[in-house]
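# Summary of structural features
Chain residues, written in single-letter form:
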Amino acid sequence: MLLEVEKVTKGFPAAEGDRVRVLEGADLLLDAGESVAILGPSGSGKSTLLNLVGALERPDSGRIRVSGTDLTALDPDALAAYRNGTVGFVFQLHHLLPQCSVWENVLVPALAAPGRVTDEVEKRAARLLEAVGLGHRRAHRPGALSGGERQRAAVARALINRPRLLLADEPTGALDRRTATGLVDLLLELNRTEGLGLVVVTHAPEVARRMQRVFEIVDGRLVETRIPGDA
Ligand SMILES: Nc1ncnc2c1ncn2[C@@H]1O[C@H](COP(=O)(O)OP(=O)(O)OP(=O)(O)O)[C@@H](O)[C@H]1O
Ligand SMILES: [Mg+2]
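Residues numbered from 1 in each chain as written. Chains lettered and ligands numbered in written order. Predicted model: local features only at pLDDT ≥ 70, side-chain atom pairs only at ≥ 80, totals over all residues. Heavy atoms only, no water.

### Concerning the pattern of salt bridges
For side chains of opposite charge, pairing can occur when their charged atoms come near one another. Basically, it comes down to this: Between Lys or Arg on one side and Asp or Glu on the other, a salt bridge is scored when a side-chain nitrogen of the former is within 4 Å of a carboxyl oxygen of the latter. Whether a residue is buried, partly exposed or exposed follows from its accessible area with a 1.4 Å probe, protein chains only, as a fraction of its type maximum: under 20%, in between, or over 50%, in that order.
Per the stated rule, a full pass over the model turns up 13 salt bridges. Here Arg-63 and Asp-70 are joined by a salt bridge, their closest N and O atoms 3.5 Å apart. For Arg-63, a relative accessible area of 36% gives the class partly exposed. Residue classification places Asp-70 among the buried residues on the basis of a relative accessible area of 16%. Overlapping salt bridges bring together Glu-4, Glu-6 and Arg-65 as one network.

### What to know about the coordination of the magnesium ion (ligand 2)
Quick reminder of the rule: Note on donors: an N, O or S atom is included if it sits within 2.8 Å of the metal, or within 3.2 Å for Na, K and Ca, and water is never included, so sites can look incomplete. Helix and strand definitions follow DSSP, with helices as H or I runs of at least four residues and strands as E runs of at least two, each counted in order from the N terminus.
For the magnesium ion (ligand 2), the protein coordination sphere consists of Ser-47 (OG) and Gln-92 (OE1), at 2.0 to 2.3 Å. Of the two residues, Ser-47 sits in helix 1 (residues 46-53) while Gln-92 sits in the loop between strand 6 (87-90) and helix 3 (102-111), which places them 45 residues apart along the sequence. The exposure class assigned to Ser-47 is partly exposed, which follows from its relative accessible area of 24%. According to the relative accessible area criterion, Gln-92 is partly exposed, its value standing at 41%.

And the structure:
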């Protein structure tokens, strides 16, 4: 099993010693080559869930395993390797480095990886940028890109190290429908050809329905659902 989320709870400190309870027993299983969409209203815990699976935060209780390994058991080196190599993260806010070009931004995760930037890595970067429609924008800095172009650059960056699991937080939020379709095409192609597991947070029904399964966060739990209007 690629990803096992078991009875995960997570809350945050609130005013006057209270705690906001966000996740209250979230469960999710994902095999290699599977894809899920995560829906849920604003504030329901979608980004929190991705942050936990991406090992950016720790659950209060419960367990998260990736390829059988409990994330809380990783030492700092293994954790860094996990964040840089095993998972690809597309943040809700893209977090591109403003001083670097698009091309450099895409290659940054490869700089920290064992093999460094080989010809093959550069070929993959070029292919990913073509696939997201930014082949002609390589030399631009993020500040010179539109919101949707930044989002697409962030997707290319998340995929450069051939992750096994992609965690994407509204990757098409700033895209028109046609550009969004092209981006989802790329994710599904890698899902097929590289067995990339996909966890895609989205508000867009046309994106969600292309994933194999759809979950909604309801009262802190993940409930399998259908897109309204689908058979
Ligand atoms: N670091 C934090 N400290 C305090 N509260 C937090 C923190 N991170 C998230 N929260 C709270 O947890 C809840 C869930 O936040 P989260 O970002 O997971 O929502 P979301 O489902 O991604 O929403 P959106 O669709 O608006 O992105 C919110 O009420 C938020 O205020
Ligand atoms: Mg969010």
